[in-house]
Amino acid sequence: MAVPHGPASVGVARRRLRRDLGDREIPEPVIDDAVLILSELLSNACRYARPLGPLRALGRGARAEVVDQLLVGVPSGAHSATGGRERDEHGSGTDGGVLVRWQLHADGVLTLEVTDGGATTRPLPAGPSLTSRGGRGLNIVDQLASDWGVRDAPGEVTVWAALPARARHARRTGGDARSA
């Protein structure tokens, strides 16, 4: 799905992922982990990276906005459903976006991907102090996912994570006090 580059998109993507995985009868603990991973990846994309430019899924010159929790494409030159061009918290237009994808593979592995326009730095786990207000997102992804990484392409960066979708994570079962 294509979403506008901004914090409101995180909630929209989370709800859609939760609904889709629930419809596929994925266990609730896996859904919770997947939603948290997607939240971290998409929040990082919206906070640190550039948007992809005009949302590819909507065509060149189009923009997107969230109306009643649905992504709506607005062709170039059209008026928005909210009476004017949408703005993010910095006053910028939402002409660019972020692509969010998830796929359940035949082997039971769920992959989550967020593609943005890249940033000045490469996505890496941080070592925040105990009093830091942020910087823990990719460490959380690293703990919840069985694997994750970064893929570069011209004009875009994709951060992906994989996790087993048909059973609880191995670290959460068998002898782990949290699973009791």
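Residues numbered from 1 in each chain as written. Predicted model: local features only at pLDDT ≥ 70, side-chain atom pairs only at ≥ 80, totals over all residues. Heavy atoms only, no water.

Novice: Help me understand unusual backbone geometry in this model?
Specialist: Keep in mind that most residues, glycine aside, have a negative phi and that most peptide bonds are trans. Phi is positive for E25, close to 60°, though the residue is something other than glycine. Position of E25 among the secondary structure elements: in the loop between helix 1 (8-23) and helix 2 (28-48). (Helix = DSSP H or I, 4+ residues; strand = E, 2+ residues; numbered from the N terminus.)

Novice: Sorry, what's going on with the pairing of strand 6 (residues 147-153) here?
Specialist: Within a regular beta strand, the side chains point alternately toward one face of the sheet and then the other, so they alternate between its two faces. As judged from the seven bridges shared by strand 6 and strand 7 (residues 156-164), these two strands associate in the antiparallel manner. By the bridge assignment, G149 is partnered in strand 7 with W160. Hairpin connection from strand 6 to strand 7: two residues lie between these consecutive antiparallel strands, with G155 at a positive phi of about 75°. (Pairing = 2+ DSSP bridges.)

Novice: Would you mind going over the packing of helix 2 against helix 3 (residues 137-144) with me for this structure?
Specialist: Packed helices, taken two at a time, are described by the angle between their axes plus the distance between the axes. Two numbers describe how helix 2 lies on helix 3: the axes approach to 9 Å, and their chain directions differ by 150°. As the angle between them shows, helix 2 and helix 3 are arranged roughly antiparallel. For the pair helix 2 and helix 3, the crossing hand works out as left-handed. On the side of helix 2, the interface is formed by D33, L36, I37, E40, L41 and N44, while helix 3 contributes G137, L138, I140, V141 and L144. Here the residues of the contact of helix 2 with helix 3 sort into seven nonpolar, two polar and two charged. (Axes fitted to C-alpha atoms, helices over the stretch in contact; angles between N-to-C directions. Parallel < 35°, antiparallel > 145°, perpendicular 65-115°, else oblique. Left-handed = near helix turned anticlockwise from the far one by under 90°. Contact = heavy atoms within 4.5 Å. Nonpolar A, V, L, I, M, F, W, Y, C, P; charged D, E, K, R; others polar.)

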